[in-house]
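One letter stands for each residue in the lines below.
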Amino acid sequence: MEASPTSLKRLKFGKLKVVRRRLLQRYEHQPFISCLAGFYSCRWRRYQRERTEPGKCCCNMRECMFFPLLVAAFCFSLVFLYTWGEGKNDYNGFDWYNYGNLGFWFLWSLVILIVAAVLFAYTSLLLIGTFLVLGFTISSLFALSILWRDHRKTVRLSFQVTAPYLHIGAIAIMVLLSWPVALHAIRADKKVIQVVIVGPYLAILLFLFLIPLGMYSPCIREKGTLGPKPALIGHRGAPMLAPENTEMSFLKTIEHGGDGLETDVTISYDGVPFLMHDDTLRRTTNIHEVYPNETGKAASLFSWDSLQKLNAGTWFLKNKPFLGMGSLSKADQNQAMNQSIYTLSGFLRLADSHNKLVIFDLYRPPERHPYRNLWIRKILDVILKESKIKRHLVLWLHNSVRSFVQSVAPGFQHTMGRKAPIEDLLKHNIVKLNLVYTEMSSEDIRKYAEANITTNFYVVNEPWLYSLAWCSGAHSVTTNAVHLLKDLSQPLFLMTPRQYNIMWILTDLTSAFLISLIFALHWWREKNFSCCVQDSNTMIENGTYNKFKTELNDMPAVLA
């Protein structure tokens, strides 16, 4: 059966289209789109994409349902990255918590930060599976909310200093989004679709324009109202520069201009108070080499002679307990390698000779310890008789026997470790509060200051957090980073209300102008395009293109 001339022409014309498509596929070089499609869908071979006009849906039902998941993954990864990034101040505490549960030291905080950054970057470029990012970020945020509840307070505090700049960043994102929003809204076929596209966009934009009205930051203040720089108390000395709770660590704090020293005190089995934070000696000594069968034994159950045989510095060079630690000089490395466990008496003499404040946590010995019921008296003997430190340098924190201490050792600066009514604090002669930084409140600081009660916050390592404490009126902070915070000449993000109002208004006006310009540009282009289409229809029917179309219809016959 012979094919008709018409069907033969159609067949040949179809082959011509295939050839043309292959030529286009060969010579249309779009490496970014090819890479994106390859990573996202594993389709590495070039293929002809159907082009869809803006304003019309180009996705099937499955893709439309998947898109909100993609947006959610991006949002959750962004929130988690910001949350974890702002938690850098507490990375050491997080790693220490993991050490207590796992039994070995590792910078898990750095691993999580890297994973969060990589997942956020990949989600932004659609380079990995959305469900993986969504699952990781949701589970991580849930775990943080359960295991590290105070971290949410850290994030809220960070908004007090970063909110003005986050506002500018959000406005900039809205300006960038205005281009696709305007393009699809103006080309949409139905008014309902235009309202659905533009309505939420304008609502979010209006919210961002007005949100500074409810924004508060203690670092936005008039000139001349900023209080003095908070004093710096070295947390276990300078643990980013030397092994914690060693003589070298406290000397480093003094060398870098610290105003006070903080430590932890326990008592050996034969009654010698010494400095040790952990219950055991595993993390900060070489006990696994000297007493390998007693690594889990409480530190207070060792005699002082046994404790003197341990090295308290080699672990610091091996484990590097803090993220971003600089390299030590050869002299510092040699000094760190020769550190031993430090006595309370030596610590107090050092502080007294340099006129530095001291504050310490006291750990009561366990059951069946010879000094379990005599530990406070033993510590007071060391303070008053052995070291003979000036009493006004001692910030006495322990609360259980405060009345007894006040009677036998008048002159200490008595410090409370929690907030309480001012009347109760004055009744017990409290002159200072030692609070975790998440309880920072400029209103409370001012209220206590009016009653001559100063505030100290711990542990403050990051410049932005120290700046917030400075702006809030804190008297002092306990920190691991005396060497970094000492060089801060003024709080970060400090500005006057007038400067902030100018920044806010200029941001809003500039963004409103750019967004209006982008919408007007798309409207003008669409209007001219519509006119051109109407004019070209007549020319296509009556002009040159009609003849060209006739020649194309005859092309299969010529090729035959």
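With that settled, the discussion passes to the packing of helix H14 (residues 344-353) against helix H15 (residues 375-387). Close contact between H14 and H15 brings their axes to 10 Å; oriented N to C, the two are set at 45°. When the axis of H14 is compared with that of H15, the two are oblique. Where H14 crosses over H15, the handedness of that crossing is right-handed. Judged by residue contacts, Leu-344, Ser-345, Leu-348 and Arg-349 of H14 engage Ile-379, Val-382, Ile-383, Glu-386 and Ser-387 from H15. Of the residues contributing to the contact of H14 with H15, the split by class is five nonpolar, two polar and two charged.

Turning our attention to the pattern of salt bridges. For side chains bearing opposite charge, pairing can occur when the charged atoms are close. Applying the stated rule across the entire model yields 14 salt bridges. Between Asp-264 and Arg-236 there is a salt bridge, with its nearest N and O atoms 3.6 Å apart. Placement of the pair is Asp-264 in strand E2 (residues 260-267) and Arg-236 in the loop between strand E1 (231-235) and helix H9 (247-255), with a sequence separation of 28 residues. Given the relative accessible area of 9%, Arg-236 is considered buried.

Moving on, we get to the side chain of Thr-263. Secondary-structure assignment places Thr-263 in strand E2. According to the relative accessible area criterion, Thr-263 is buried, its value standing at 0%. Looking at Thr-263, its side chain comes within polar contact range of the side chain of Asn-245, at 2.8 Å.

Pairs of aromatic rings are described using the distance from one ring centre to the other and the angle between the two planes. A full pass over the atoms with the stated rule returns 10 aromatic pairs. Taken together, a centroid distance of 6.5 Å and an interplanar angle of 40° make the contact between Tyr-201 and Phe-519 tilted. Within this pair, whereas Tyr-201 is found in helix H8 (residues 191-210), its partner Phe-519 is found in helix H21 (residues 497-542), the two being separated by 318 residues in sequence. Summarising the aromatic geometry, the rings of Phe-360 and Trp-396 are spaced 6.2 Å apart at their centres and angled 90° between planes, so their arrangement reads as edge-to-face.

It is worth spelling out helix H19 (residues 463-472) at this point. For H19, a buried count of nine out of 10 residues is recorded, marking the element as mostly surrounded by other parts of the structure. Here H19 has its buried residues at Trp-464, Leu-465, Tyr-466, Ser-467, Leu-468, Ala-469, Trp-470, Cys-471 and Ser-472. Two residues or fewer after H19 comes Gly-473, characterised by a positive phi angle close to 100°.

This part covers the nonpolar core. If you look at the biggest cluster of nonpolar residues, it comprises 31 residues, and the most contacted ones within it are Leu-425, Met-440, Phe-457, Leu-465 and Tyr-466. Counting residues per element, this core draws most heavily on H19, which supplies seven residues. By size, the runner-up hydrophobic cluster in this structure holds 28 residues, among which are Phe-250, Leu-275, Phe-347 and Ile-376.

Between its first and last C-alpha, H8 extends 28 Å over 20 residues, near the 28 Å set by a 1.5 Å rise per residue. If you look at H8, its biggest bend is around 25°, right at Val-198, and the proline Pro-200 turns up within four residues after that. Buried within H8 we find Val-198, Tyr-201, Leu-205, Leu-208 and Phe-209.

All right, on to the pairing of strand E8 (residues 454-458) then. Two strands pair when backbone bridges link them, and strand E7 (residues 432-436) and E8 are joined in this way by five bridges, in the parallel orientation. When the bridges of E8 are listed, Val-436 appears paired with Tyr-458. Pairing analysis gives two bridges linking E8 to strand E9 (residues 476-479), with the strands arranged parallel. Bridge pairing in E9 links Asn-456 to Ser-476. On the question of chirality, the crossover connecting E8 to the parallel E9 by way of H19 is right-handed.

Time to look at the confidence of the model for the chain. Here the chain averages 82 in pLDDT, while 77% of its residues score no lower than 70. Counted against residues more than four places away or in other chains, residues 23-29, with its pLDDT under 50, gives five contacts.

As a further point, take the environment of Val-290. Looking at where Val-290 falls in the secondary structure, it is placed in helix H10 (residues 287-290). Residue Val-290 is classed as partly exposed on the basis of its relative accessible area, which comes to 30%. Separated by 19 residues in the primary sequence, Val-290 and Lys-309 place their C-alpha atoms 7.8 Å from one another. Apart from residues lying up to four places away in sequence, Val-290 is in contact with Lys-309 and Leu-310.

Rules behind the numbers
- Residues numbered from 1 in each chain as written.
- Predicted model: local features only at pLDDT ≥ 70, side-chain atom pairs only at ≥ 80, totals over all residues.
- Heavy atoms only, no water.
- Axes fitted to C-alpha atoms, helices over the stretch in contact; angles between N-to-C directions.
- Helix = DSSP H or I, 4+ residues; strand = E, 2+ residues; numbered from the N terminus.
- Parallel < 35°, antiparallel > 145°, perpendicular 65-115°, else oblique.
- Left-handed = near helix turned anticlockwise from the far one by under 90°.
- Contact = heavy atoms within 4.5 Å.
- Nonpolar A, V, L, I, M, F, W, Y, C, P; charged D, E, K, R; others polar.
- Salt bridge = Lys/Arg side-chain N within 4 Å of Asp/Glu carboxyl O.
- Buried < 20%, exposed > 50% of the residue type's maximum accessible area, 1.4 Å probe, protein only.
- Polar contact = N/O pair within 3.5 Å; in protein donor to acceptor, adjacent residues only side chain to side chain.
- Phe/Tyr/Trp six-rings, centres within 6.5 Å; stacked < 30°, edge-to-face > 60°.
- Core = buried A, V, L, I, M, F, W, Y, C linked by side-chain atoms within 4.5 Å.
- Expected span 1.5 Å × (residues − 1).
- Bend = angle between axes of the 7 residues up to and from the residue.
- Pairing = 2+ DSSP bridges.
- Right-handed = clockwise from strand over helix to strand, strands pointing away.
- pLDDT = per-residue confidence, 0-100.

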